[in-house]
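Spelled out from the first residue to the last, the chains are:
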Amino acid sequence: MTSTGLHLTKGSTADAQYAVDIDPKRAGWTHSSLRIVELSPGGSHLFTTGDSEWIVLPISGGCTVHVEDEEFQVLGRDSVFTSVSDFVYAPRDTRVQIASGAGGRFALAGAKCERRLPARYGPAPEVPVEQRGSGTSAREVRNFASADAFECDKLIAVEVITPGGNWSSYPPHKHDENRPGEESELEEIYYFEIDGPNGFGYQRVFPSREGGSDVLAEVHSGDAVLVPDGWHGPSIAQPGHAMYYLNVMAGPGATREWRICFHPDHVESAGGYR
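About the criteria used
- Residues numbered from 1 in each chain as written.
- Predicted model: local features only at pLDDT ≥ 70, side-chain atom pairs only at ≥ 80, totals over all residues.
- Heavy atoms only, no water.
- Helix = DSSP H or I, 4+ residues; strand = E, 2+ residues; numbered from the N terminus.
- Contact = heavy atoms within 4.5 Å.
- Areas by Shrake-Rupley, 256 points an atom, 1.4 Å probe, with all protein chains shown as cover.
- Buried < 20%, exposed > 50% of the residue type's maximum accessible area, 1.4 Å probe, protein only.
- Pairing = 2+ DSSP bridges.
- Phe/Tyr/Trp six-rings, centres within 6.5 Å; stacked < 30°, edge-to-face > 60°.
- Lys NZ or Arg CZ within 6 Å of the ring centre and 35° of its normal.
- Core = buried A, V, L, I, M, F, W, Y, C linked by side-chain atoms within 4.5 Å.
- pLDDT = per-residue confidence, 0-100.

Enquirer: It is not clear to me how the overall build of the protein should be interpreted in this structure. Could you clarify?
Expert: The secondary structure content of the protein amounts to two helices and 22 strands. Based on the C-alpha atoms only, the size of the protein along its principal axes is roughly 55 × 40 × 35 Å. Nonlocal contacts in the protein, meaning residues at least 24 apart in sequence, comprise 74% of its contacts between residues at least 6 apart. Carbon and sulfur atoms make up 48% of the accessible area of the protein, which amounts to about 11,500 Å² in all.

This is the structure we're talking about:
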């Protein structure tokens, strides 16, 4: 059960530069982007930010990030399952070079924006890490670029680690309407990594309006799911295989904020969000 084009399997958006390349045109929306660049030892990648702000976030490995005349050393990590990572913010209308002596995989989370903020380094120890839920709904949320943790113009991005056999993104929630003080309109990308060989998970998105997004996808490492609208959740990890996802969000609202509405049929049984 999949709305056309919302479950993007590994390699389906790859091109000569990126293992994953999702821009607003490909996604069919206006703001959110995600790229994954893979560098061999000694490799580098140069790109222009255009009308978007970007965060360079290691998936595995470390790198040096040059933003015009500034240089940032990023220690990175062995994998998304071992630790939080440091990262670099690059503003719109600039040139960025990523270079890695040992090689690695690096996420570029982006959002079309208006303000040009300064380039900055985000240290790993300053990333707020939150333990949400309990029992089979326990998970770890790394709020490295949440709306209240790190300044961006439009971009919101977080990481979630769901232990094997657990649910996250639950109860189902949505953010597809602009209702001041209650709900913000945000386009969202889920990018997945699964710990261990042959692991998988499941992602559900279902309509909040007639004809809305409807997805039930088995997801593997390197897959992405687009959420232009609709209730989304749960995200389910296979027993024995922890599941990682990177959430990239942005929208047209004048204020950068993450306000969500819970599905009324599931809030009581969930006993609290995430």
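Enquirer: What is the right way to read the pairing of strand β9 (residues 104-112) from this model?
Expert: Burial analysis of β9 places seven of its nine residues in the buried class, the great majority of the element. For strand β3 (residues 32-39) and β9, the ladder comprises eight bridges, and the chain directions are antiparallel. Residue Ser-32 lies in a different strand from β9, and its bridge partner there is Ala-111. As paired elements, strand β5 (residues 52-67) and β9 share eight bridges and run antiparallel to each other. Its bridge partner being in β9, Trp-54 is matched across the sheet by Gly-110.

Enquirer: Where do I start with the packing of aromatic side chains in this structure?
Expert: Each aromatic ring pair is described using two quantities: the centre-to-centre distance and the angle formed by the ring planes. By the definition in use, this model includes nine aromatic pairs. Ring geometry for Phe-47 and Trp-54: centres 6.0 Å apart, planes at 80°, overall edge-to-face. Each of the two residues, Phe-47 as well as Trp-54, counts as buried. Geometry around Tyr-89 places Arg-120 over its ring, the cationic atom sitting 4.6 Å from the centre. A cation sits over an aromatic face here: Lys-174 above Trp-231, 5.8 Å from the ring centre.

Enquirer: Honestly, the environment of Gly-201 in this entry has me stumped. Any pointers?
Expert: Mapped onto the elements of the fold, Gly-201 is located in strand β17 (residues 201-206). Remark: the alpha-carbon pair of Gly-201 and Thr-162, spanning 39 residues in sequence, is separated by 10.0 Å. Beyond its immediate stretch of four places on either side in the chain, Gly-201 contacts Ile-194, Ala-217, Glu-218, Val-219, Ile-236, Gln-238 and Met-243.

Enquirer: Would you explain unusual backbone geometry in this entry?
Expert: For residues other than glycine, phi is negative in most cases, and the peptide bonds are mostly trans. Look at the link from Tyr-170 to Pro-171: it is a cis peptide, with omega at 5°. Topologically, Pro-171 is positioned in the loop between β14 (167-168) and β15 (173-174). The peptide bond linking Gly-233 to Pro-234 adopts the cis configuration, its omega dihedral lying at 5°. With respect to the helices and strands, the residue Pro-234 is situated in strand β20 (residues 231-237). Phi at Asp-93 takes a positive value of approximately 60°, unusual for a residue other than glycine. Its location among the elements puts Asp-93 in the loop between β7 (87-90) and β8 (95-100). Its relative accessible area of 43% is what places Asp-93 among the partly exposed residues.

Enquirer: How should I be thinking about the sheet that holds strand β12 (residues 139-145) in this particular structure?
Expert: Remark on secondary structure: sheet strands pair via backbone hydrogen bonds, oriented parallel or antiparallel. If you trace the seven strands from one edge of the open sheet to the other, you get β1-β19-β16-β21-β13-β12-β11, paired in antiparallel fashion. Lying at the two open borders of the sheet, with one neighbouring strand each, are β1 (7-8) and β11 (129-132). Looking at chain direction, β11 and β12 are connected through four bridges and run antiparallel. Looking across to β12, one finds that Val-129 is bridged to Arg-142.

Enquirer: Help me understand the nonpolar core, please; the structure alone is not making it clear to me.
Expert: One recurring pattern in soluble globular proteins: nonpolar side chains tend to sit buried together. Among the nonpolar cores identified, the biggest contains 49 residues, and Leu-34, Ile-55, Phe-144 and Leu-246 are the most heavily contacted of them. With six residues, strand β21 (residues 243-250) is the largest single contributor of residues to this core. Ignoring any residue separated from it by four or fewer positions in sequence, one finds Leu-34 in contact with Val-20, Asp-21, Ile-22, Ala-107, Leu-108, Ala-109, Ile-189, Tyr-191, Leu-246 and Val-248. Among the nonpolar cores identified, the runner-up in size contains 18 residues, and Tyr-18, Val-37, Trp-54 and Ala-119 belong to it.

Enquirer: How do you make sense of the confidence of the model for the protein when you look at a structure like this?
Expert: Caution applies to low-pLDDT regions: their predicted coordinates should not be interpreted in detail. Per-residue confidence for the protein gives a mean pLDDT of 95; residues scoring 70 or more make up 96%. The least confident element of the protein is helix α2 (residues 267-270), whose mean pLDDT is 56; the most confident is β7, at 99.

Enquirer: I would appreciate a short explanation of the pairing of strand β6 (residues 70-77) in the present structure.
Expert: Regular strands show a simple pattern: their side chains alternate between the two faces of the sheet. Pairing between β5 and β6: six bridges, direction antiparallel. By the bridge assignment, Val-67 is partnered in β6 with Glu-70. Between β5 and β6, which pair antiparallel in sequence order, lie two residues; one of them, Glu-68, sits at a positive phi of approximately 55°.

Enquirer: Explain the environment of Ala-119 here, please?
Expert: Inspection of the secondary structure puts Ala-119 in the loop between β9 and β10 (120-122). It is 18 Å that separates the C-alpha atoms of Ala-119 and Phe-106, two residues lying 13 residues apart in sequence. Leave out the neighbours within four places in its chain, and Ala-119 touches Val-67, Glu-70, Phe-72, Tyr-89 and Pro-91.

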